[in-house]
Every structure is written in structure tokens, then in C-alpha cells.
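Residues per chain, in single letters:
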Amino acid sequence: MRLLDVRAVLHREENIQQAGSKTKVLEELDDKTTEYAILSHRWGKEVDYDEMTGLMKMDEQDRNEVRQRDGYRKIIKSCEQSMTDGYTWLWIDTCCIDKRSSVALSEAIGTMYRWYCSSQLCYVYLNDVDDLAFPTEPDFNRFGRSNSWPEWFSRGWTLQELIAPTEVEFFNKDWVSISTKRDLTYTISRITGISSSILWWGLPRSGPEPNVAQILSWAADRKTTRVEDRAYSLLGLFDVNMPMLYGEGSKAFRRLQFEIIRASSNHTIFAW
């Protein structure tokens, strides 16, 4: 996996006028042997792999435009938090995946659940929360577009990003820490329908298989930008693999069901 070198990113930002065009901010490392933090967030105007690695090759006007984006500030704030917490490596999906390469994108989607599991700490950035405390009651006035809770809880990909990491810390829009997954277990269980034991320990990979219908129910009301991602975002939760075929639409979910049936003896999928 490609990880951001936190020190290199922050040093480049602090010395933006002097940084050379060959400044390297990403390294290829093994997630099984490297300690790193990871970011989970709602997408907005982001900075991609090409822009992050080629920032110093841009003319000043284009470089300033990138640095003024909310997505870039999110990268810098994540790096600062990683440094504070003692992690020199950080993974962020927007800029660590080279989406120009179908191979790299397919690999990332297929192993993303493992990457979140392997992380030492996951930062959840709630861009629509401005309070100094996590909301503990539904609020349609503030979060009416996302079923009365922060939008992060309504997205497809964030389901696995909530379950997979052991340590999860939530931040408000100003990057103030407002709680952890462990401290919010009861509230998150109310929001998502996920049991407290799963939130604490993750999905079992040995012993009794997870209830397939139950996992599908957690994902039922979540939204993704691409239709296909409704299926692809669940691959890690079901521990199955299948080719990514963007453009196939709802057929992706049908293929996912076939893969689950082929790989699992849990027949609750038929009840679903």
C-alpha cells in the first residue's frame, strides 16, 4: 500500500516556496509490518494522487488552488494529528490510490477492509459537526439529509471503515476530538443497528459465520455515488473477491450475492 510520509508532507507545506519538485511524499510499504493511522471521511473537493505527488511541478496559481481546497486542508490536518499521536505514516483514500491505474484501484478496493483492520488508529472526520461533543440524539434540523445523524453514517464505504479498525477517534469540522468508537458504542449501535460486540471486536473471521442478512441490513439505507460501489464497499465485510467492472450498474450487487452464496454456508441471505 502507498502511505503518506507525514513528516515529508508537513515539511513540504511549511517550506512550500523552497520545496523541490522531486520531494517525495508517498512510499510503498507493507501494511502488515508498518504502524500507520488511517482516515475515514465524507468526500468533497478532494486532492487526488496525481495532484498530491505533482504539487511542486505545478505553476504557482494551480498549486495555490489545490492548497486552498478543503480536501487539501483535510490532508494537512490529518498529518498533523498523526504526528501528534506518534505515527509517521498515514493512509488517505483520496490521494494514496492512483486511480488512473485500474489495477491499483482494483487492488485498493479488494484490500481496503484489511488496511483499515491493520491500522493502529482511524480518524473519522465529521465535516458537518461543529459542536464540541458528538451528537447523541437524532436532529433532523441539522442532519435532515442524512436521516438525522451526521452524513458520515449514511455513506456506503464508511460501514466497513467503522467496523474494521479497533481504535476509532471522531473529530468535528474544526479537527477537535469529540469521542471514540469505544466511548460511543451505545450511541453508534442506535444509529447503525450494529451490535456492541461487533463495534468492539469487529466481525469474526473464525468460528460462527456472521449473519449475512444482518450485514446487508446495516448497508440497506446507505448511499454511494456510484451504483456499483453499493456492492464493492461490502466485499471486505463478507471476505469475498470479485472483479471491479464500473459501468455494470446494479449487476454488481447481483454478482456480490452469487459470491456470498458460493463462499458461505450461511443461508440467511435468502431471508434477505
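Predicted, not measured: the structure shown is a model, and the values here were computed from it. (Residues numbered from 1 in each chain as written. Predicted model: local features only at pLDDT ≥ 70, side-chain atom pairs only at ≥ 80, totals over all residues. Heavy atoms only, no water.)

Describing the sheet that holds strand E2 (residues 26–28)
Convention followed: Criterion used throughout: strands pair if DSSP finds at least two bridges between them. Secondary structure elements follow DSSP: runs of H or I of four or more residues count as helices, runs of E of two or more count as strands, with numbering from the N terminus. Angles shown run from 0 to 180 degrees and are taken between the N-to-C directions of axes, each axis being a line fitted to C-alpha atoms and, for helices, limited to the stretch in contact. Any two residues having at least one pair of non-hydrogen atoms within 4.5 Å are treated as being in contact.
Spatial strand order, E2-E1-E4-E3-E5-E6-E7: seven strands in an open sheet with mixed pairing. Every other strand in the sheet has two partners, leaving E2 and strand E7 (177–180) as the edge strands with one partner each. The sheet shows a mean angle of 35 degrees between the axes of neighbouring strands, taken without regard to direction. In the sheet, strand E5 (residues 121–125) pairs with strand E6 (residues 168–171) via four bridges, with the strands oriented parallel. Note that in E6 the partner of Tyr-123 across the bridge is Glu-169. Along the sheet, helix H6 (residues 102–118) contacts strand E3 (37–41), strand E4 (89–91) and E5; its crossing angle with E3, the most-contacted strand, is approximately 120 degrees.

What about the UniProt feature "domain: Heterokaryon incompatibility" (unreviewed entry) in the chain?
So the rule is basically this: UniProt positions are given in the numbering used here, feature names are shortened, and annotations may be inferred rather than shown by experiment.
UniProt annotation of "domain: Heterokaryon incompatibility" (unreviewed entry) refers to residues 36–131 when read in the numbering used here. Across residues 36–131, the secondary structure splits into 51% helix and 14% strand, with the terminal C-alpha atoms separated by 28 Å.

Comments concerning the domain arrangement of the chain
Heads up, the rule is: Segmentation of the chain into domains, including their bounds, is taken from an automatic or database domain assignment. By buried area we mean the combined loss of accessible area, with a 1.4 Å probe, across both parts when two parts are placed together. We define a polar contact as two N or O atoms separated by no more than 3.5 Å, with the added condition that, inside protein, one atom must be a possible hydrogen donor and the other a possible acceptor, whereas residues neighbouring each other in sequence contribute only through side-chain atom pairs. Classification convention: Asp, Glu, Lys, Arg as charged; Ala, Val, Leu, Ile, Met, Phe, Trp, Tyr, Cys, Pro as nonpolar; all other residues, Gly among them, as polar.
Domain boundaries assigned for the chain yield domain 1 (2–202) and domain 2 (206–271). At the junction of the two partners, domain 1 supplies 19 residues and domain 2 supplies 17 residues. Interface area, domain 1 with domain 2, both sides summed: about 1,600 Å², of which 61% is carbon and sulfur. Across the domain 1-domain 2 interface, the total number found is seven residue pairs in polar contact (both at pLDDT 80 or more). Looking at which element gives the most residues to the side of domain 1 that touches domain 2, the answer is H6, with five residues. A per-class count over the side of domain 1 that touches domain 2 returns ten nonpolar, eight polar and one charged.

Considering the packing of aromatic side chains
The geometry of an aromatic ring pair is captured by two quantities: the separation of the ring centres and the angle between the planes. The condition is simple: Ring pairs shown here join Phe, Tyr and Trp side chains whose ring centres sit within 6.5 Å, with only the six-membered ring taken for Trp; geometry is labelled stacked below 30 degrees between planes, edge-to-face above 60, and tilted in between. Three exposure classes are used, based on accessible area relative to the maximum for each residue type with a 1.4 Å probe and protein chains only: buried under 20%, partly exposed in between, and exposed over 50%. Two limits define a charge over a ring: the Lys NZ or Arg CZ must be within 6 Å of the ring centre, and within 35 degrees of the ring normal.
For the structure on display, the rule yields twelve aromatic pairs. Aromatic pair Trp-152 and Phe-170: ring centres 5.8 Å apart, planes at 90 degrees, arrangement edge-to-face. Residue Trp-152 is found in the loop between helix H7 (140–143) and helix H8 (158–163), and its partner Phe-170 is found in strand E6; the two are separated by 18 residues along the sequence. Overall, the relative accessible area of 2% leaves Trp-152 in the buried class. With a centroid separation of 5.2 Å and 45 degrees between ring planes, the pair formed by Phe-171 and Trp-175 is classed as tilted. The exposure class assigned to Trp-175 is buried, which follows from its relative accessible area of 12%. The rings of Tyr-123, Tyr-125, Phe-171 and Trp-175 are connected pair by pair, giving a single aromatic cluster. The positively charged end of Arg-182 is found above the aromatic ring belonging to Trp-201, 5.9 Å away from the centroid.

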